[in-house]
Every structure is written in C-alpha cells, then in structure tokens.
Amino acid sequence: MAKLNFGGVEETVVTREEFPLEKAREVLKDETIAVIGYGVQGPGQSLNLRDNGFNVIVGQREGKTFDKAVADGWVPGETLFSIEEACRRGTIILCLLSDAAVLSVWPVIKANLKPGNALYFSHGFAITWSDRTGVVPPADVDVIMVAPKGSGTTVRSLFLEGRGINASYAVEQDYTGRALDRTLALGIGIGSGYLFETTIRREAISDLTGERGALMGAIQGLFAAQYEVLREHGHTPSEAFNETVEELTQSLMPLFAAKGMDWMYANCSTTAQRGALDWKDPFHDAIKPVVERLYQSVESGVEAQKSIDSNSKPGYREGLEKELKELRESELWRAAETVRRLRPENK
C-alpha cells in the first residue's frame, strides 16, 4: 500500500502493481464467493470475478433477474441458487442487493452466516444507518466493503476494455485477522483500477451526498434551469440543448477529465475563460449552502429514512416510472434524442 499526495493530503492507495491478481487468487483460493443479488452491481462484479478465475456462485430469487443470470451463464443448481442456499454455501457473502431489498433479505443472510465468514458490501448504507435498517452483523464475521465509483454496468464495461474503475475500500470488523487481505483481493478481483481507503460511514455519507448533488441531482437541476432560461428568451431547443448539455458532455468534460479544470479553461476561447472565471464564484456561493443543507440531511439519516420509506411503499415502481417518464418526456431530454441521432458516430 502506498501513501499518495492528494492536493496536499496523504492517503492510502492500493494498485494492481502492489496487489496483483495472482496474489488475490492466492488469498481467496479456498473461498466460495456468494454474490447475493443480480440487479445493479451483481452482474458486473460476479462476472468479473468469474472471468478472473475465482470460485463464484450467485444467489437470486426467481424472476427476471434470475433469468438474466441464466442468460449470463450461471447454471441453476451449480453456480446459481436461491439466496438462502447461496448464503449457506458461501464463505464470503457479497451483499449486492438494493438498499431497500437488504431490509427484507437480511434475516436470511444473517441466519446463514457462519463464524469466520466475510460479509461484504459495496455501499455503506445498511451498516451506517443500522438503527433504521436493522442490519447488525454478528461479532464473529469479517465486515468489509469495496465500493466501485460507478454503476455495475461501468464496472463490467471497463473490465472488458482492459481498464478498471476506481473503488474505495473499508474494513469495518476484522474477526479473522484476514479481513484486509480479503477486502483487497476482492477489490482487485472485481477489476478495480486502484483502491483508496475509507470507512463504511464516510462512504455512505459521501455517496448519498454525491448522487443527490453534483453527480445526478444538482446537474439535472442546473441543466434544466439554464435550458429553460435560454428557451424563455427565444432560443431554439437545439441551440439551448447544445449550449447546456451537448458541449459540456462531448467537448469540455473530456478536457477537464484528462488534465483538470484549469487545462480545460486554458483550451477555450478568451471570452469563455473570462466569463467562467468571473461567474464561478457567484455559482459557488449560491450552491454551497444547498450542498451543506444536503450534507446535514444525509448525515442525520433523514435521506436514508426517505429512501427506506419511499422504496417500501406499495406501488413504488409505478410511481418511480411516472417521475422518470416526466423527466424523459420533458422538452430538454426529447431534444437530446434528436441531437444524439445527429452525432456522426450514430449515423
């Protein structure tokens, strides 16, 4: 493990060079990895582990996701089982269920944990807000986490491209004395490009803040606000969309992803540079109080409770689809469909 400088702060980072795949296989050679859940993270992590040569089984209820697992090559009765049976067979239980599903399935997982097993999460939600979820692991198991910084789809696609998604890792409970090695081996096994150290609580709070903030919630709010102002002042949908979304995602984001915001600024027109430098502070000052309010709502558990309550309501899926349909059918994202079709690579 190396100490690297992140903007003046040293942090612990683990790379494939320090913890190669061969070492990961050796650490887990006697383990049976039971992946519970085949929704968002389950497919990517289980398939990557399987392709990397680990002993993997999947536990999933019958239904569409069970059928998807079969289509992906998991064999019922051999590598694909009920959740209860997979938990019985596994020595490392990868709990990759949605936050809502964990609440109902946790009694089954807990009943089948054996001393010395490892209980693995890819999100700290269930453990951090255990007073609300009821997920309290027994004292005689390792409790560990590897949290990829992206969707399960990205975990798989980057693996297939020979790359790797970065992930955080944490050891919450080390019963066996092998918890750290197990954690890092799993992180490398699922295809992580590198792993950075955190705690389960920090991951949960930063994750909920990030997805409600800059990663998803805030960016949609910003897109919609700018698009609406442009449209209200007579600009066409194509112009408003291109100046709000398309140029950002197709031109500017690759620039600052590659070398930083200053480099992106340096590679824009002088007019754009001046305007960006002048307006970044007013945006910062307007947005920071909202992010602070969001953080307090996450840290206090209010956001966790909202998720638990909404996801457990009858008709939740129907209500969610209605909200997504409204978003999908807004002028902003209907304009996006036409713009995407016009990209040269899509012709």
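Every chain is numbered independently, its residues counted from 1 as its sequence is written. A pLDDT threshold of at least 70 governs which residues receive local features in this predicted model, and a stricter bar of 80 or more applies before side-chain atom pairs are shown or counted, although totals over entire chains, interfaces and linings include all residues. Side-chain metrics in this entry use all non-hydrogen atoms of the structure; hydrogen atoms and water are not considered.

Draft legend 1. Looking closely at the sheet that holds strand β4 (residues 56–59). The pairing criterion is simple: DSSP has to find at least two bridges between the two strands. Runs of H or I in DSSP of at least four residues are treated as helices and runs of E of at least two as strands, each being numbered from the N terminus. Taken together, 10 strands build an open sheet; the order of strands is β1-β2-β10-β9-β8-β7-β6-β3-β4-β5 and the sheet is mixed. Strand pairing shows two members of the sheet lacking a second neighbour, β1 (2–6) and β5 (80–81), which therefore form its edges. Alignment of strand β2 (residues 9–15) against strand β10 (residues 194–197), held across three bridges, turns out to be antiparallel. In the sheet register, Thr 15 faces β10, and the bridge partner there is Tyr 194. Lying over the sheet, helix α9 (residues 179–189) contacts β2, β3 (33–36), β6 (92–95), β7 (118–121), β8 (142–148), β9 (167–173) and β10, oriented at roughly 25° with respect to β8. In this analysis, two residues are considered to be in contact whenever any of their non-hydrogen atoms come within 4.5 Å of each other. Axis lines are fitted through C-alpha atoms, for helices just across the contact stretch, and the angle between N-to-C directions can take any value from 0 to 180 degrees.

Draft legend 2. Representation of the nonpolar core in the model. For our purposes a nonpolar core is just a set of buried Ala, Val, Leu, Ile, Met, Phe, Trp, Tyr and Cys residues, chained together by side-chain atoms within 4.5 Å. For every residue, the accessible area (1.4 Å probe, protein chains only) is compared with the maximum for its type, and the residue is labelled buried under 20%, exposed over 50%, or partly exposed between those bounds. Counting residues in hydrophobic clusters, the biggest one holds 32 residues, and the most contacted among them are Ile 33, Leu 49, Trp 74, Leu 94, Tyr 120, Leu 186 and Leu 195. Per-element tally for this core: the top contributor is α9, with five residues. Beyond its immediate chain neighbours, meaning those up to four positions away, Leu 49 contacts Ile 33, Phe 54, Val 56, Leu 94, Leu 186, Gly 189 and Ile 190. Core analysis: the second largest hydrophobic core is formed by 27 residues, Cys 87, Phe 121, Ala 147 and Ile 200 among them.

Draft legend 3. Geometry of the pattern of salt bridges. Salt-bridge detection follows one rule: a side-chain nitrogen of Lys or Arg within 4 Å of a carboxyl oxygen of Asp or Glu. Applying the stated criterion across every chain yields a total of 20 salt bridges. Between Arg 163 and Glu 161 there is a salt bridge whose closest N-O contact spans 2.9 Å. One network of salt bridges, with partners in common, ties together Glu 31, Asp 142, Arg 178 and Arg 182.

Draft legend 4. Quick peek at the packing of helix α11 (residues 217–232) against helix α17 (residues 331–342). Look at α11 against α17: their axes get within 10 Å of each other, and the N-to-C directions meet at 90°. Taken as axis vectors, α11 and α17 run roughly perpendicular relative to one another. Taken together, the residues of α17 that come into contact with α11 (itself represented by Gln 220, Phe 223, Ala 224, Tyr 227 and Arg 231) are Glu 331, Leu 332, Trp 333 and Ala 335. Charged means Asp, Glu, Lys or Arg here, nonpolar means Ala, Val, Leu, Ile, Met, Phe, Trp, Tyr, Cys or Pro, and polar covers whatever is left, Gly included. In the contact of α11 with α17, the residues fall into six nonpolar, one polar and two charged. Put simply, angles under 35 degrees are roughly parallel, angles over 145 are roughly antiparallel, angles from 65 to 115 are roughly perpendicular, and the rest are oblique.

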